[in-house]
Amino acid sequence: MNLPERVRIVEVGPRDGLQSETALLSVETKATLIERLAAAGLREIEAGSFVSPKRVPQMASTRETLARLRLSSPTRLSVLTPNLRGLEEALASGVGEIAVFAAASETFSQENIACSIAESLERYAPVVEAACAAGLRVRGYISCVLGCPYEGEIAPRQVASVARDLTALGCHEISLGDTLGVGTPLKARRLVEEVAADVPLRHLAVHFHDTYGQALANIFACLELGVAIVDSSVAGLGGCPYAPGSSGNVATEDVVYMLEGCGLETGVDLFALIDVGKFISERLGRESRSRAARALLAKRARASRAS
Ligand code: HMG
Ligand code: MG
């Protein structure tokens, strides 16, 4: 089996996770979340986005959250930037990475960022150029890679074409987003194979939402192809405000449990991470969506009752 030796996990909970929440969390809670994720061993954390606060109110306090952070370990923070204004904010806040976000579906592109795919790439060109000139890494997202809430099935070729264009702009990494969470393992493999014909596999990340419970199976199918970068969200937080019906990202705890169980290093302390998931789930007033976290917390409670 062709599994990578080490897998990089990109924690997207503080951005993708919290952006769809109706409850607005305090700056202090968001900063604590990021600090605790870093302390649990997550080295790459998407911390927020500089987008229209009217469109995504939950991310309006990204600047304040970043300013408050006190990280005890080396962690690369990233933010979503839809335009040069967002990039200016990112530069002022001192993050090491930005992400631009395109789509594989025209309708989703219009709904999400109010322009066509081609216009979004034009808009991103100066953003990526200026970010690279300032020494930042730039990630390129593609949404709706395995299905769109408005257009249904998406051809893998269409995804590959956007991936090639984002790479040509200067994105160092392309995250393939199954925004709706509709993908299944063989479709996910076919997609990665198609995109890898245009963009080297080592530059591809997978970003699965877990709406239909397929995310871990999809991830494993892609790992077998050699993909070594996985996006996930603590406690399975998340969704996309412009993808009605989609649920959270695959839970980071479940990804870590699976990877470590397969002998793949993640560098993450699973038990510390589970406590972070418990913390944020309590703040949101709901149960964690992580199956591994629920099972291990129940086991811990049984053990403490028995002792
Ligand atoms: P626009 O509608 O084209 O118009 O915005 P605009 O450029 O004239 O700006 C509209 C308003 O946004 C104006 O304010 C601007 O000042 C403000 P108003 O006059 O209405 O008061 N604005 C900004 N504010 C703060 N920071 C900025 C900024 N830029 C403009 N940088 C725009 C285009 C993209 C900005 C807008 O449509 C927008 O913010 N959309 C939200 C996009 C978003 O965050 N979506 C969710 C993230 S994507 C995702 O979740 C998928 C992903 O996870 C992958 C996956 O799962 O597949 C990445
Ligand atoms: Mg997402």
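Above this text sits the structure in question.
Residues numbered from 1 in each chain as written. Chains lettered and ligands numbered in written order. Predicted model: local features only at pLDDT ≥ 70, side-chain atom pairs only at ≥ 80, totals over all residues. Heavy atoms only, no water.

What follows is about a negative patch on the surface. A surface patch of like charges, here negative, comprises Glu106, Glu119, Glu122 and Glu151. Among the structural elements, Glu151 can be located in the loop between strand E5 (137–143) and helix H7 (156–169). (Patch = residues over 30% accessible without salt bridge, like charges linked within 9 Å, V, L, I, M, F, W, Y side chains within 5 Å. Areas by Shrake-Rupley, 256 points an atom, 1.4 Å probe, with all protein chains shown as cover. Salt bridge = Lys/Arg side-chain N within 4 Å of Asp/Glu carboxyl O. Lys, Arg positive; Asp, Glu negative; His and termini not counted. Charge placed at Lys NZ, Arg CZ, Asp CG, Glu CD. Helix = DSSP H or I, 4+ residues; strand = E, 2+ residues; numbered from the N terminus.)

Let us now look at H7. The end-to-end C-alpha separation of H7 is 20 Å, in line with the 20 Å expected for 14 residues at 1.5 Å each. Looking at the buried residues of H7, the elements they touch are strand E4 (97–103), helix H6 (117–133), E5, strand E6 (173–178) and helix H8 (185–196). Just past H7, the residue Gly170 takes up positive phi, approximately 125 degrees. (Expected span 1.5 Å × (residues − 1). Contact = heavy atoms within 4.5 Å.)

Within the largest apolar cluster, 98 residues are counted, with the highest numbers of intra-cluster contacts made by Ile98, Ile142 and Leu166. Not counting residues up to four positions away in its chain, the partners in contact with Ile98 are Ser78, Val79, Thr81, Leu87, Ala90, Val127, Ala131, Leu136, Arg137, Val138 and Arg139. (Core = buried A, V, L, I, M, F, W, Y, C linked by side-chain atoms within 4.5 Å. Buried < 20%, exposed > 50% of the residue type's maximum accessible area, 1.4 Å probe, protein only.)

Let us look at the packing of aromatic side chains. In this structure the tally under the stated criterion is one aromatic pair. Above the plane of the ring of Tyr141 lies Arg15, whose end atom (NZ or CZ) is 5.5 Å from the centre. We note Arg139 situated over the ring of Tyr141; from NZ or CZ to the ring centre the distance is 5.2 Å. (Phe/Tyr/Trp six-rings, centres within 6.5 Å; stacked < 30°, edge-to-face > 60°. Lys NZ or Arg CZ within 6 Å of the ring centre and 35° of its normal.)

Another aspect to go through is the side chain of Ser61. Counting through the fold element by element, Ser61 comes out in the loop between strand E2 (44–49) and helix H3 (62–68). A residue is classified by how much of its surface remains accessible, and Ser61, at 16% relative accessible area, is buried. Aside from chain neighbours lying at most four places away, what touches Ser61 is Val27 and Lys30.

Any two of four tetrahedral donors ideally make an angle of 109.5 degrees at the metal, while pairs among six octahedral donors ideally make 90 or 180 degrees. The magnesium ion (ligand 2) binds to the protein through Asp16 (OD), His207 (NE2) and His209 (NE2); the donor distances cover 2.0 to 2.3 Å. Of note, the donors binding the magnesium ion (ligand 2) are all from one chain and are spaced D-x190-H-x1-H. (Donors = N, O, S within 2.8 Å, 3.2 Å for Na, K, Ca; no water.)

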